[in-house]
Amino acid sequence: GESVGLHLPTLSVQEGDNSIINCAYSNSASDYFIWYKQESGKGPQFIIDIRSNMDKRQGQRVTVLLNKTVKHLSLQIAATQPGDSAVYFCAEREDGNEKLTFGTGTRLTIIP
Amino acid sequence: DAGITQSPRHKVTETGTPVTLRCHQTENHRYMYWYRQDPGHGLRLIHYSYGVKDTDKGEVSDGYSVSRSKTEDFLLTLESATSSQTSVYFCAISRGLSEQYFGPGTRLTVT
């Protein structure tokens, strides 16, 4: 069936460096792609989303890139800080479908 | 986590007992969701609701039922808890086309 997955389960980055978290998806009908951040003991928190008719979207210190040709999504975090340490999930949704499909997550650890 | 609360936050119960988890929102959103989160599986949708008395199944609905008698409350019931239902349960509301806002979670242990 359709699925959303991640390339790497763990990622360690030096504080101040940029980090890139990758995600592969297989549902070509998806219209929205979303990134969530989950800190220990908390619920997932929305970070940023991108529609399928876009290839790049920027937020505060974050950029999401979408490559529909290879069905690849990435989250770039600039100048990482200790507070960026968390598990990051990608998710996708089809227009008209109110359900999200989540990937399994990548744990990002920031090294001081 | 203002806007959405879950109760209880922690519960330990025995196999075969009924358990009800409550999700309460103060934002009057139409869509509400129940997920479970397990290591290696990410978040999996159990049931969701698109209005009062309107609910539908997710990908892992077996062994669970839900009810929504008021806009603000969405209840998840395990009729007869099993050890495989030990998990962290999250409730969420839909705030937009792609943004779901999650509650703090309920950690359920079935012994």
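Remember, predicted model here, so these are calculated numbers, not experimental data.

Conventions adopted
Residues numbered from 1 in each chain as written. Chains lettered and ligands numbered in written order. Predicted model: local features only at pLDDT ≥ 70, side-chain atom pairs only at ≥ 80, totals over all residues. Heavy atoms only, no water. Helix = DSSP H or I, 4+ residues; strand = E, 2+ residues; numbered from the N terminus. Rg over C-alpha atoms; globule rule 2.2 N^0.38 Å. Buried < 20%, exposed > 50% of the residue type's maximum accessible area, 1.4 Å probe, protein only. Areas by Shrake-Rupley, 256 points an atom, 1.4 Å probe, with all protein chains shown as cover. Lys, Arg positive; Asp, Glu negative; His and termini not counted. Charge placed at Lys NZ, Arg CZ, Asp CG, Glu CD. Contact = heavy atoms within 4.5 Å. Salt bridge = Lys/Arg side-chain N within 4 Å of Asp/Glu carboxyl O. Phe/Tyr/Trp six-rings, centres within 6.5 Å; stacked < 30°, edge-to-face > 60°. Lys NZ or Arg CZ within 6 Å of the ring centre and 35° of its normal. Buried area = accessible area lost by both parts, 1.4 Å probe. Polar contact = N/O pair within 3.5 Å; in protein donor to acceptor, adjacent residues only side chain to side chain. Nonpolar A, V, L, I, M, F, W, Y, C, P; charged D, E, K, R; others polar.

Colleague: Provide a residue-level description of the overall build of chain B, including the pertinent values.
Modeller: If you tally the helices and strands in chain B, you get zero helices and 11 strands. Listed by position from the N terminus, the elements making up chain B come as β-β-β-β-β-β-β-β-β-β-β. The C-alpha radius of gyration of chain B comes to 13 Å, within 12% of the 13 Å expected for a compact globule of 111 residues. Projecting the C-alpha coordinates of chain B onto the three principal axes gives extents of approximately 35 × 30 × 25 Å. The buried share of chain B, reckoned over its 111 residues, is 51%. With an accessible surface of roughly 5100 Å², chain B has 48% of that area assigned to carbon and sulfur atoms. Averaging the positions of the 12 positive and the 12 negative side-chain charges in chain B gives two centres separated by 2 Å.

Colleague: Quick one: what's the story with the environment of Ser83 of chain B, residue by residue and with numbers?
Modeller: Residue and element names in this part refer to chain B. Here Ser83 is to be found in the loop between strand E8 (73–78) and strand E9 (87–94). Sequence separation of Ser83 and Glu14 is 69 residues, and the distance between their C-alpha atoms is 8.5 Å. Residues in contact with Ser83, not counting those within four places in the same chain, are Thr15 and Val110.

Colleague: Tell me about the pattern of salt bridges, and please be specific about residues and values.
Modeller: Within the structure shown, the criterion is met by 10 salt bridges over all chains. We note a salt bridge from Asp95 of chain A to Arg51 of chain A, for which the minimum N-O separation is 4.0 Å. With Asp95 of chain A in the loop between strand E9 (86–93) and strand E10 (101–102) and Arg51 of chain A in strand E5 (residues 45–51), this pair connects stretches of sequence that are 44 residues apart. On the accessibility criterion, Arg51 of chain A (33% relative accessible area) is partly exposed. For Glu27 of chain B, the salt bridge is made with Arg95 of chain B, and the minimal N-O distance between the two is 2.5 Å. You can see Glu27 of chain B sitting in the loop between strand E3 (19–25) and strand E4 (32–38) and its partner Arg95 of chain B sitting in the loop between E9 and strand E10 (100–102), a full 68 residues away along the chain. Given a relative accessible area of 25%, Glu27 of chain B falls into the partly exposed group.

Colleague: Just give me the short version of the packing of aromatic side chains, but keep the residues and values in it.
Modeller: The full count for this structure, using the stated rule, is 13 aromatic pairs over all chains. Ring plane angle 85° and centroid distance 6.5 Å describe the contact between Phe90 of chain B and Phe102 of chain B, whose orientation is recorded as edge-to-face. Of this pair, Phe90 of chain B sits in strand E9 while Phe102 of chain B sits in strand E10, and the two are 12 residues apart along the sequence. Of the two residues examined, Phe90 of chain B and Phe102 of chain B, each falls in the buried class. Taken together, the ring pairs in this structure connect Tyr36, Phe46 and Phe102 of chain A together with Tyr31, Tyr33, Tyr35, Tyr48, Tyr50, Phe90 and Phe102 of chain B into an aromatic cluster. A cation over an aromatic ring shows up here: Arg95 of chain B above the ring of Tyr101 of chain B, its NZ or CZ 3.7 Å from the ring centre.

Colleague: Run through unusual backbone geometry, naming residues and quoting values.
Modeller: With omega at -10°, the peptide bond leading from Ser7 of chain B into Pro8 of chain B counts as cis. The backbone of Arg61 of chain A shows a phi angle near 65°, a positive value even though the residue is not glycine. Note on placement: Arg61 of chain A falls in the loop between strand E6 (56–58) and strand E7 (62–67). Residue classification places Arg61 of chain A among the partly exposed residues on the basis of a relative accessible area of 30%. Within the chain, Asn28 of chain B stands out as a residue other than glycine whose phi angle is a positive 60°. Its location among the elements puts Asn28 of chain B in the loop between E3 and E4. Judged by relative accessible area, which is 62%, Asn28 of chain B ranks as exposed.

Colleague: Any chance you could break down the interface of chain B and chain A for me, citing the residues and the numbers?
Modeller: In this assembly, 21 residues from chain B lie in contact with 18 residues from chain A. Both faces considered, chain B and chain A share a buried interface measuring about 1600 Å² in area, 56% of it formed by carbon and sulfur atoms. The tally of links between chain B and chain A comes to zero salt bridges. Here chain B and chain A share three residue pairs in polar contact (both at pLDDT 80 or more) between them. Taken together, the elements giving at least two residues each to the side of chain B that touches chain A come down to E4, strand E5 (42–51), E9 and E10 of chain B. A total of four residues in the side of chain B that touches chain A trace back to one element, the largest contributor, which is E5 of chain B. Here the side of chain B that touches chain A is composed, by residue class, of 10 nonpolar, eight polar and three charged.

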